[in-house]
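Fold and contact review
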Amino acid sequence: MTSDRGVWGGDGNKTPLYWKRDTHENYTRMRLRTCPNNEFNPHNDAKFYDEYDVLREESSVNLLGVSEEARIRADKETQESWEVVMNNNIPDVTDDEQLIFFEDCHLVTLLNIIPGTLKVSPTHIYFYEHEKDETHHKLSHNNLVWKIKDIREIHLRRYNLRYSAIEFFLTDQTNHFINLSKYHRNKVYSKIMSLRPANLVHGITRTPEEMVASSNITKKWMERRISNFEYLMNLNTIAGRTYNDLSQYPVFPWVLTDYLSDSIDFESPLCECFRDFSKPIGAQIPERAEHADIKYHSLPQDGLDPPFHWGTHYSNPGAVLYYLVRMEPYTSLHIDLHGRFDHPDRHFYNINNSFNSSTRGQGDCKELIPEFFYLPEFLVNSNEFDFGTRHDGKPVGDVILPNWAKSPEDFIVKHRAALESDYV
């Protein structure tokens, strides 16, 4: 009643409102929505302390572990993220509904890996979470049901480097990642495809090459029927990249090289602000490319490990959380990864500095994530987390934008325009 739209919403005594990211997507796979975080945790027990700080008393929470309260909040947040398809009274498979497949599996989400059982009937797919107390089987918050006719896309996926997972995309703009054994993964895929879901976009195709050919996305892109963003996101999806697994998060390229000018004109023929797309981000600077080539040829060619140019990858869970640390649930995941907030000087703080690190730093060659082209909220510390103070005495707050961007929204608009420019 005291919210912004409530009867007494304007009395000046409002409860602070905190936000988390919603899991719904639009048809171009943008996760644009944020929603109120009613179980917000400021993570005060995860502040970074260096050797010169006064350590907290022994009775306080261990700095190298996530607090129990944070874990409870994360569990609740995972449950809430499925609220559109959750139903505490999900019916079990009826006697007159023939069951054509059932097998133990895991429902994979950003925050949890939930063991359960997958059941497939001619009209529905059911997921039942394994409960210690079987009497609570039908009351689990993670019991899910999907109609076969609502499946829009279904893709074979890898999980933990094994070809054992499957991902469903539904007409309500949600998607779900299920991990099984490789044998059962292929079996459930075949069973579902044999039911011929009414809204299925792609037919029975197993390899990314077949998927690209059958979808005609390259032809649509060349004819400008889809945008550069849509084309790249389609390629990410077909290649097995998903928002549900940080180790396989969608990858987008650094597009620009100029983050210091006060203005920038992408359409000018004299503009030299674009990166060289023929080379990886780690080879944009000739000196660094030469150094990487020397390193490659100096490594044994017949060793157990193949030679490499860079010892890091252009995308990994740490890189994704580096960019998204200001938004829940990624803040909690960042703490899970590091045990607490990372050193303030290592946080994503300045876009120009991050670009210089990726192009000039010896231990960094990460590319971008899709959010750089549609989500201004990830650049703002709206939840007011205390990430600490940098060596120059400045606190880590909102991300410092390029000089040509007046606001996070302006940056996203111009950055997206750069991605969609004729040069790209």
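How each quantity is defined
Residues numbered from 1 in each chain as written. Predicted model: local features only at pLDDT ≥ 70, side-chain atom pairs only at ≥ 80, totals over all residues. Heavy atoms only, no water. Buried < 20%, exposed > 50% of the residue type's maximum accessible area, 1.4 Å probe, protein only. Helix = DSSP H or I, 4+ residues; strand = E, 2+ residues; numbered from the N terminus. Contact = heavy atoms within 4.5 Å. Polar contact = N/O pair within 3.5 Å; in protein donor to acceptor, adjacent residues only side chain to side chain. Core = buried A, V, L, I, M, F, W, Y, C linked by side-chain atoms within 4.5 Å. Salt bridge = Lys/Arg side-chain N within 4 Å of Asp/Glu carboxyl O. Phe/Tyr/Trp six-rings, centres within 6.5 Å; stacked < 30°, edge-to-face > 60°. Lys NZ or Arg CZ within 6 Å of the ring centre and 35° of its normal.

1. Comments concerning helix H7 (residues 317–324)
- Most of H7 is tucked away: six of the eight residues are buried.
- Here H7 has its buried residues at Ala319, Val320, Leu321, Tyr322, Tyr323 and Leu324.
- On its buried side, H7 packs onto strand E1 (19–21), helix H8 (330–338) and helix H9 (351–360).
- Regarding H7, its N-cap is Asn316, as a side-chain oxygen of that residue lies 3.1 Å from the backbone nitrogen of Gly318 further along.

2. Some thoughts on the nonpolar core
- In terms of nonpolar packing, the biggest core is built from 44 residues, with Leu256, Phe348, Ile351, Phe372 and Phe411 touching the most fellow members.
- Those elements that place two or more of their residues in this core are helix H5 (228–238), H7, H8, H9 and helix H10 (408–419).
- Here this core gets five residues from one element, more than from any other, and that element is H7.
- Discounting residues that sit within four places of it in the chain, Ile351 has contacts with Trp254, Tyr259, Leu379, Val399, Ile400, Leu401, Pro402 and Phe411.
- The next biggest cluster of nonpolar side chains, apart from the first, holds 22 residues, and it includes Val120, Leu144, Phe168 and Ile178.

3. Thoughts on the pattern of salt bridges
- Going through the model one piece at a time under the given rule, you end up with 15 salt bridges.
- Among the ionic pairs, Arg152 bridges to Glu153, the shortest N-O distance being 3.3 Å.
- Residue class for Glu153 comes out buried when judged on its relative accessible area of 14%.
- Between Asp364 and Lys366 there is a salt bridge, and its shortest N-O distance comes to 2.9 Å.
- Salt bridges sharing partners connect three or more residues here, namely Glu25, Arg29 and Arg31.

4. Topic: the packing of aromatic side chains
- Tallying each qualifying case throughout the model produces 28 aromatic pairs.
- Considering the side-chain rings of Tyr323 and Phe372, the 5.0 Å spacing of their centres and the 85 degrees angle between planes classify their relative orientation as edge-to-face. Remark: Phe372 occurs in the loop between H9 and H10 and Tyr323 occurs in helix H7; sequence separation between them is 49 residues.
- Owing to a relative accessible area of 1%, Tyr323 belongs among the buried residues under this scheme.
- Taking the centre distance of 4.9 Å and the plane angle of 70 degrees together, the rings of Phe341 and Phe387 count as edge-to-face. With Phe341 in the loop between H8 and H9 and Phe387 in the loop between H9 and H10, this pair connects stretches of sequence that are 46 residues apart.
- One aromatic cluster is present, formed by Trp254, Tyr259, Tyr322, Tyr323, Phe348, Phe355, Phe372, Phe378, Trp404 and Phe411 through successive ring pairs.
- A cation over a ring is seen here: Lys366 above Tyr322, with NZ or CZ 4.4 Å from the ring centre.
- The ring of Tyr349 carries the charged tip of Arg390 above its face, separated from the ring centre by 4.0 Å.

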